[in-house]
Amino acid sequence: MTAFLTRRRIRIINQVCWTVALCVAAIPFVFPFLWMVSSGFKSAAEIFGSPSLVPREWQWRNFIDVFNHQPFARQYFNSLYIAVIVTALTLLVSSLAGYALARMRFAGAALIALLLVTALMIPEEVTIIPNFFLMRWAGLVDTHWPLILLPTFGPQGIMATFLMRQYFLALPRELEDAGKMDGLSRLGVWWRIALPMSRPALAAVAIITFLNSWNLFLEPLIFVSSLDKFTLPLALSNFTDPYGTPLWHLQLAATSLAVVPILVVYIIAQRQIIESFALSGVKG
Amino acid sequence: MADTLPMRDTARREDAPWLTLKMREAMEAWLFISPTLAGFLIFFGGPLIAVVWYSLTEWNLLTQQATFVGLDNYNDALFRNPDFWHVVRNSVIFAVGLVPLNMALALVLALALSGRFAGVVVFRTVFFAPVVTSAVAWAIVWKFLLQGEAGFINQILALVGIDGPNWLREPNWAMAAVIVTRVIKMVGLNMILYIAALQAIPRDYGAAARLEGASGWQIFRWIVWPLLGPTTLVIMVITTIGSFKVFDHIYQMTGGGPENGTLVLAFYIYQQGFQFFDVGYASALAMIMFVIVMVLTIFQLALRRRDT
Amino acid sequence: MTSLSLSNVKKHFGRVEVIRGVDLSVDRGEFVVFVGPSGCGKSTLLRMISGLEDISSGVLRIGDRIVNEMPPARRGVAMVFQSYALYPHLNVRDNMGFGLKVRKAPADERARRVAEAARTLKLEPLLDRFPRELSGGQRQRVAIGRAIVGNPEVFLFDEPLSNLDAELRVHMRSEIASLHKRLGSTMIYVTHDQIEAMTLADKIVVLRDGLVEQVGTPRELYERPDNLFVAQFIGSPKMNILPIGSVAGALPAHPNRASHVGMRPEDLKLTDPGSGLVSGRVLLSEYTGASSLLHVELPGGEVFLVAYDGQTIDADTALALTIAPDRLHFFDATGRRAT
Ligand SMILES: Nc1ncnc2c1ncn2[C@@H]1O[C@H](COP(=O)(O)OP(=O)(O)OP(=O)(O)O)[C@@H](O)[C@H]1O
Ligand SMILES: [Mg+2]
């Protein structure tokens, strides 16, 4: 071995190679976002011109037209408020059930856990038809109720329940016992001891639930028909001319508006968000 | 004792001997679990039974009446309607293309990113970013990039003298495009799970093997890979089941086309049920999907039990 | 006056019976210690008294009331946990006052009681700290303080000192003893530590496999163990047991049914070879400072432990042992005391 190839140098060369390879691999992950934003600023004419990442002419108007094409602000708000409600409800319902499954002894606990596990695995597509008739019967078609109820009680909510259960199981039991000795009711132990100690699990559930609701597509597609009740994903797919041809510049501008805020939050809180997904996957 | 205890004051009144501690606990547990249970029965249990019934009926759009037709819908699917097998073939191709690609890429990325060198966090963040993005947005952008002549990808290919196909207009290319873009979207999730598993492997294992003169590849082959076994299994099943559920991505990117070239099971159910209003037939398809997923799940449980 | 009593109390988890019928009566102000091998049900029994576990069958009385189905907080008992179980998000003051707050005691009374308990336990300088800012011993004191604040009729301790180092343990042990004297409350205390049991207890309850083996004062258990199990469990090092047939020398008068004889290591004396009750050769001599522990192998192969405080004895030395006749313990074939 020549003196040039010391162990240290080999290590550095090795690392440089890996880094270059990873950078190349990262292109298809990053580039679509850049191109999306850049194209959102291009005119309908330029958009299929010779490719350039920086628009020749910044067409800010796209971002105004987006709101004129359809009630995009209203749709944006719909997505936001629905996601907030679904998240809050899921936190409440799943942490209650998860606590009971983790800590309380009652006949039938094992059976219920088994039933819930089956629901965890089954895709929404299987039950969506009867659920549609159920909602129609209840007069809830073209309202936001199905978009709140189905995710909260569907596979996502059940996954949250098991995540919470898993976390509660690992908490020190004596602390809850101390709470009982101090006179807390079950609800009190859950609220004042178990929940405050479960912040990481609650955060994970909140993050995953929020994103899931924000990105939900099948349910809005089926249950919502009025433009001003659309949620974002549905609205995005709706930037077309009357013949169904995409109005690319508007569609990409709108998509940027929908995606960029999430990405910003994601980049700020990436550690927390990635850990949340890891937590939910590990238990699976 | 001078102090009277607040707890003693109430005790005498509220002994409630008719309610044992055990009953009280069970009652409270049922209360805690009742919202979840009610939701489960209303939005999953009930519909699951209903879908069995629907699958045995024919739905008349005009009269809104259901007639019992026995296994007709299943017969249609399995023996009469060639579309069904075409759809199953598409779903299988989709899964067979997506799962290995996704898992292999996830593993390679995880191996590269499970260490602690400068930039590792940046790379992880990048590879995971599509996971938090909505599938619709992701599909819109890729559909845009993959346009025919004027699409960005083809313009780049033209620069190096390649005449790219009209990706989303040719059935085979469309399927490939959907698979690859889906892998890019979801691989970050499996990467994270693999990284977590890799980081759980004690460092001593590798060190001990290295002392015995094992090469990097040998360490991976004989130590790391076997230890990743349970994770690989979980990822495989989750990814496979996930691939059967894909709907929004395909809906937005190809709409099931061209020539039904990307029409997969989940999409077919939607199409039959909500575009053609063939409720009976769509329900039979849903039941078939249910069976497929159940079989996969039981298969996973069986494998896991054998492992432990 | 009886403070607490159990009659034929049983507990099963699913099919497994863990407490198999316990009778016990505890007088007001008494300090009772539960001892027994790991897994014998000490904690379970304590948790049944506290109400944290329900009672499968039998009757539990606290004061003059049957409390089987009474929720924990109404029983007038307080518990000190092995892990201290302090609420991590509350400071010491709020930890101690939490129970009163939950029971909606007026704020001024709460403050008064917390202050009083803090004074008793010298916790005043720590009141504004959080549990993570306290040492193990301090946490333990706060945990005891929290129990005092509720002014319970009965204190329950589950191995409260087992997470402390040896020195602190001795110190806290004496603090608990003086606390008991000052408050005069009934205390029930679970421990693995013989010395804790012997020094603290008015009454020791020896448990095995969910059954009471013997109840008595420390002295009674040490001097008149009811059976072989208690004889070997109480006292350290363990009592030596021999079949009567293996004793070489002449035993004093003893009941016919006696089949085994027990001798405590600290009661045995060295004597001239040839005389004495048993003889053997030294296998090992462990010097512990104040005395040595001799391992003596008898001709039959049994190993006898002897506490010895004389000159060094080399291994392989042959020696004979004797004992005062009233220090002998006889047991029958079923293991019961035979006197
Ligand atoms: N919740 C439970 N479910 C099932 N079995 C249990 C439960 N709690 C305790 N046991 C069993 O009951 C028996 C007694 O347990 P317990 O904790 O009372 O023992 P212990 O005497 O306190 O032991 P240690 O000295 O180790 O603390 C053990 O065999 C234990 O496995
Ligand atoms: Mg114990």
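From a predicted model like this one, the values you see are computed outputs, not experimental measurements. (Residues numbered from 1 in each chain as written. Chains lettered and ligands numbered in written order. Predicted model: local features only at pLDDT ≥ 70, side-chain atom pairs only at ≥ 80, totals over all residues. Heavy atoms only, no water.)

Asker: Account for the overall build of chain C, naming residues and giving values.
Answerer: Looking only at helices and strands, one finds eight helices and 18 strands in chain C. Reported as C-alpha extents along the three principal axes, the dimensions of chain C are approximately 80 × 45 × 35 Å. Burial analysis of chain C (339 residues in total) assigns 53% to the buried set. At a minimum sequence separation of 6, the contacts of chain C that also span at least 24 residues come to 65%. A total accessible area of about 14800 Å² is found for chain C, and carbon and sulfur atoms account for 50% of it. Here chain C contributes 41 positive and 40 negative side-chain charges, whose respective centroids are spaced 8 Å apart. (Helix = DSSP H or I, 4+ residues; strand = E, 2+ residues; numbered from the N terminus. Buried < 20%, exposed > 50% of the residue type's maximum accessible area, 1.4 Å probe, protein only. Contact = heavy atoms within 4.5 Å. Areas by Shrake-Rupley, 256 points an atom, 1.4 Å probe, with all protein chains shown as cover. Lys, Arg positive; Asp, Glu negative; His and termini not counted. Charge placed at Lys NZ, Arg CZ, Asp CG, Glu CD.)

Asker: I'd like a rundown of the site of ligand 1, residues and numbers included.
Answerer: Around ligand 1, the neighbouring residues are R105 of chain A together with F13, V18, S38, G39, C40, G41, K42, S43, T44, E159 and H192 of chain C. Each of chains A and C places residues near ligand 1. G39 of chain C places a main-chain nitrogen or oxygen 2.8 Å from an oxygen atom of ligand 1. Between an oxygen atom of ligand 1 and a side-chain N or O atom of H192 of chain C, the distance comes to 3.2 Å. Protein chains shield 58% of the accessible area of ligand 1, which is 630 Å² for the free molecule. Ranked by residue count, the leading element in the shell around ligand 1 is helix α1 (residues 42-50) of chain C, at three residues. Broken down by class, the residue content of the shell around ligand 1 amounts to three nonpolar, six polar and three charged. (Near = heavy atom within 4 Å. Polar contact = N/O pair within 3.5 Å; in protein donor to acceptor, adjacent residues only side chain to side chain. Nonpolar A, V, L, I, M, F, W, Y, C, P; charged D, E, K, R; others polar.)

Asker: Which residues make up the layout of surface pockets, and what values go with them?
Answerer: In this approach the atoms are scanned with a rolling probe the size of a water molecule, which exposes any empty space left behind. Of the pockets and cavities examined, the second largest pocket occupies roughly 1400 Å³. As for the second largest pocket, its lining consists of 27 residues, and the residues nearest its centre are L111, S114, G115, R203 and R210 of chain B. Among the secondary structure elements, those contributing two or more residues to the lining of the second largest pocket are α1 (7-40) of chain A together with α4 (82-113), α8 (171-199), α9 (203-211) and α10 (216-227) of chain B. No other element matches α1 of chain A, which puts seven residues into the lining of the second largest pocket. A breakdown of the residues in the lining of the second largest pocket according to their chemical character gives 14 nonpolar, eight polar and five charged. (1 Å grid on protein atoms, 1.4 Å probe; cavity = no way out; pocket = protein on both sides within 12 Å on 5 of 7 lines; lining within 4 Å. Points joined across faces, edges and corners; volume = space filled by probe spheres on them.)

Asker: Can you lay out the interface of chain A and chain C for me, pointing to particular residues and giving the numbers?
Answerer: On the side of chain C, 26 residues touch chain A, which itself brings 15 residues to the contact. Taking both sides of the interface into account, the surface hidden between chain A and chain C amounts to around 1600 Å²; carbon and sulfur atoms contribute 61%. The largest per-residue losses of area from chain A upon contact with chain C belong to E174, M181 and D182 of chain A, which jointly make up 43% of the total buried on that side. The interface formed by chain A and chain C contains two salt bridges. Taken together, the elements giving at least two residues each to the side of chain A that touches chain C come down to α8 (173-181) and α9 (186-197) of chain A. Counting residues per element, the side of chain A that touches chain C draws most heavily on α8 of chain A, which supplies eight residues. (Buried area = accessible area lost by both parts, 1.4 Å probe. Salt bridge = Lys/Arg side-chain N within 4 Å of Asp/Glu carboxyl O.)

Asker: Quick one: what's the story with the domain arrangement of chain B, residue by residue and with numbers?
Answerer: All names here are of chain B. Each assigned domain of chain B is listed here: domain 1 (2-55) and domain 2 (75-307). The centre of domain 1, based on its C-alpha atoms, is set 42 Å off from the matching centre of domain 2. Of the residues lining the interface, five residues belong to domain 1; the matching set on domain 2 comes to seven residues. For the pairing of domain 1 and domain 2, the buried interface totals around 460 Å² over both sides, and the portion due to carbon and sulfur atoms is 84%. Contact with domain 2 buries surface across domain 1, with V51, Y54 and S55 losing the most and accounting together for 70% of the total. Taken together, the connections running from domain 1 to domain 2 amount to zero salt bridges. Linking domain 1 to domain 2 there are zero residue pairs in polar contact (both at pLDDT 80 or more). Here the side of domain 1 that touches domain 2 is built from residues that sort into four nonpolar, one polar and no charged. (Domains from an automatic or database assignment.)

Asker: I'd like a rundown of the domain arrangement of chain C, residues and numbers included.
Answerer: All names here are of chain C. Each assigned domain of chain C is listed here: domain 1 (2-228) and domain 2 (238-332). Centre-to-centre, using C-alpha coordinates, domain 1 lies 39 Å away from domain 2. At the interface, six residues of domain 1 touch seven residues of domain 2. On the domain 1 side of the interface with domain 2, the three residues burying the most area are Y222, P225 and L228, jointly 81% of the side's total. Viewed at the interface, domain 2 and domain 1 are joined by two residue pairs in polar contact (both at pLDDT 80 or more). No other element matches helix α7 (residues 218-223), which puts three residues into the side of domain 1 that touches domain 2. Taken together, the residues that form the side of domain 1 that touches domain 2 break down as four nonpolar, one polar and one charged.

Asker: Would you mind going over helix α5 (residues 120-132) of chain B in detail, with residue names and values included?
Answerer: Residue and element names in this part refer to chain B. For α5, spanning 13 residues, the distance from its first C-alpha to its last is 19 Å, which sits close to the expected 18 Å at 1.5 Å a residue. When the local axis directions of α5 are compared, the greatest deviation, roughly 30 degrees, occurs at V126, which is followed within four positions by the proline P130. Burial analysis of α5 places eleven of its 13 residues in the buried class, the great majority of the element. Within α5 the residues assigned to the buried category are V120, F123, R124, T125, V126, F127, F128, A129, P130, V131 and V132. (Expected span 1.5 Å × (residues − 1). Bend = angle between axes of the 7 residues up to and from the residue.)

Asker: Give me the sheet that holds strand β6 (residues 77-80) of chain C: which residues, what numbers.
Answerer: All names here are of chain C. The strand order β6-β7-β8-β3-β9-β10 describes an open sheet built from six strands, whose pairing is mixed. With partners counted over all chains shown, the strands left at the sheet margins are β6 and β10 (211-216), one partner each. Across the sheet, the mean angle separating the axes of adjacent strands is 20 degrees when strand polarity is ignored. On top of the sheet, helix α5 (residues 166-183) reaches β3 (31-35), β7 (154-158) and β8 (186-190); it is set at about 160 degrees to β8, its chief contact. (Pairing = 2+ DSSP bridges. Axes fitted to C-alpha atoms, helices over the stretch in contact; angles between N-to-C directions.)

Asker: Give a description of unusual backbone geometry that names residues and reports values.
Answerer: Glycine aside, residues mostly have negative phi, and peptide bonds are mostly found in the trans state. All names here are of chain C. With an omega of -5 degrees, the peptide bond between S236 and P237 qualifies as cis. Tracing the sequence through the fold places P237 in the loop between α8 (228-233) and β11 (240-243). Not every positive phi belongs to a glycine, and A85 is a case in point at roughly 55 degrees. Within the fold, A85 resides in the loop between β6 and α2 (92-102).

Asker: Describe the packing of α2 of chain C against helix α4 (residues 136-149) of chain C, with residues and values.
Answerer: Residue and element names in this part refer to chain C. As a packed pair, α2 and α4 sit with axes 8 Å apart at the nearest point and diverge in direction by 30 degrees. Taken together, the axes of α2 and α4 lie roughly parallel to each other. Remark: the crossing between α2 and α4 carries right-handed chirality. Where α2 abuts α4, its residues V92, N95, M96 and L100 lie against V142, G145, R146 and V149. Here the contact of α2 with α4 is built from residues that sort into five nonpolar, two polar and one charged. (Parallel < 35°, antiparallel > 145°, perpendicular 65-115°, else oblique. Left-handed = near helix turned anticlockwise from the far one by under 90°.)

Asker: Talk me through the pairing of strand β12 (residues 258-263) of chain C; I want residue IDs and the actual numbers.
Answerer: With four bridges joining them, β11 of chain C and β12 of chain C adopt antiparallel strand pairing. Bridging across to β12 of chain C, I241 of chain C finds its partner in G262 of chain C.

Asker: So what's going on with the pattern of salt bridges? Which residues, and what values?
Answerer: All names here are of chain C. Inspection of the entire model under this criterion finds 25 salt bridges over all chains. A salt bridge links D193 to R169; the shortest N-O distance between them is 3.4 Å. Here D193 is found in the loop between β8 and α6 (194-200), whereas its partner R169 is found in helix α5, with 24 residues between them in sequence.

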